[in-house]
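Residue strings, one per chain:
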Amino acid sequence: MWHKTLMVLSMVTSISFSQINNPEFEYRANTSYWGMQEFVVTVTMYNATPGQTDSTPDITADGTKINVNSATEHRYVALSRDLLQRWGGPFKYGDFIILKNAGDHGGIYQIRDTMSPKFINRVDILLTKGSKPFKYKEAILCKYFKYDEAIFHKHEEK
């Protein structure tokens, strides 16, 4: 009996190792399934105050209720409308993004808000009132996606 168990285990192990050591298998598993879109954007900041939002600064555009006294901890961003799906862009509320070339403000954020229609190609990071203002003109906004979920839009070259 233990002979049969050992033989089955040996077969399973050899199949697994042959797939792991096969470069073609690794390529299909790792690169053809995932992709990344990058956009050059301007990154700024905003506070959850009536002067910088609307009359309900504690509620984001997607309906999320926030604590305005610890807004920085949420790691939420607002995107300009040209980047949001509702207006033809590739991003939707709830998506996680990565910001690069944004100094100490680079990193992972979640999209929860919308900017004024006057802005384009812009990301606004939600920070607690009293935070020092900043502006990064050539930051990189990254979105990872599965190829079967890719949404191509007006920002991309064909």
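Residues numbered from 1 in each chain as written. Predicted model: local features only at pLDDT ≥ 70, side-chain atom pairs only at ≥ 80, totals over all residues. Heavy atoms only, no water.

## Side note on the packing of aromatic side chains
And then number 1: Under the counting rule described, the total for this entry stands at 2 aromatic pairs.
And then number 2: Relative to Phe91, the ring of Phe39 has its centre 5.5 Å away and its plane inclined at 65°; by these criteria the two rings are edge-to-face. Here Phe39 is found in strand 1 (residues 34-47), whereas its partner Phe91 is found in the loop between strand 2 (76-79) and strand 3 (96-100), with 52 residues between them in sequence. Across the pair, Phe91 and Phe39 agree in class, each one buried.
And then number 3: In this structure, Arg75 is placed above the aromatic ring of Tyr109, and the distance from its NZ or CZ to the ring centre is 4.2 Å.
And then number 4: The cationic tip of Lys143 hangs over the ring face of Phe91; the distance from NZ or CZ to the ring centre is 5.4 Å. (Phe/Tyr/Trp six-rings, centres within 6.5 Å; stacked < 30°, edge-to-face > 60°. Helix = DSSP H or I, 4+ residues; strand = E, 2+ residues; numbered from the N terminus. Buried < 20%, exposed > 50% of the residue type's maximum accessible area, 1.4 Å probe, protein only. Lys NZ or Arg CZ within 6 Å of the ring centre and 35° of its normal.)

## Here we look at a nonpolar patch on the surface
And then number 1: Judged by side-chain polarity, Tyr33, Trp34, Met36 and Tyr144 come together as a nonpolar surface patch covering roughly 420 Å² of accessible area.
And then number 2: Residue classification places Tyr33 among the partly exposed residues on the basis of a relative accessible area of 38%. (Patch = residues over 30% accessible without salt bridge, like charges linked within 9 Å, V, L, I, M, F, W, Y side chains within 5 Å. Areas by Shrake-Rupley, 256 points an atom, 1.4 Å probe, with all protein chains shown as cover. Salt bridge = Lys/Arg side-chain N within 4 Å of Asp/Glu carboxyl O.)

## Some words on the pattern of salt bridges
And then number 1: Evaluation of the coordinates by the stated rule reveals 5 salt bridges.
And then number 2: A salt bridge links Lys92 to Asp95, with the nearest nitrogen and oxygen atoms 3.5 Å apart.
And then number 3: The partner of Asp95 in a salt bridge is Lys143, with the nearest N and O atoms 3.9 Å apart. Of this pair, Asp95 sits in the loop between strand 2 and strand 3 while Lys143 sits in strand 6 (residues 136-146), and the two are 48 residues apart along the sequence.
And then number 4: Salt bridges here are not isolated pairs; linked through shared partners, they connect Lys92, Asp95 and Lys143.

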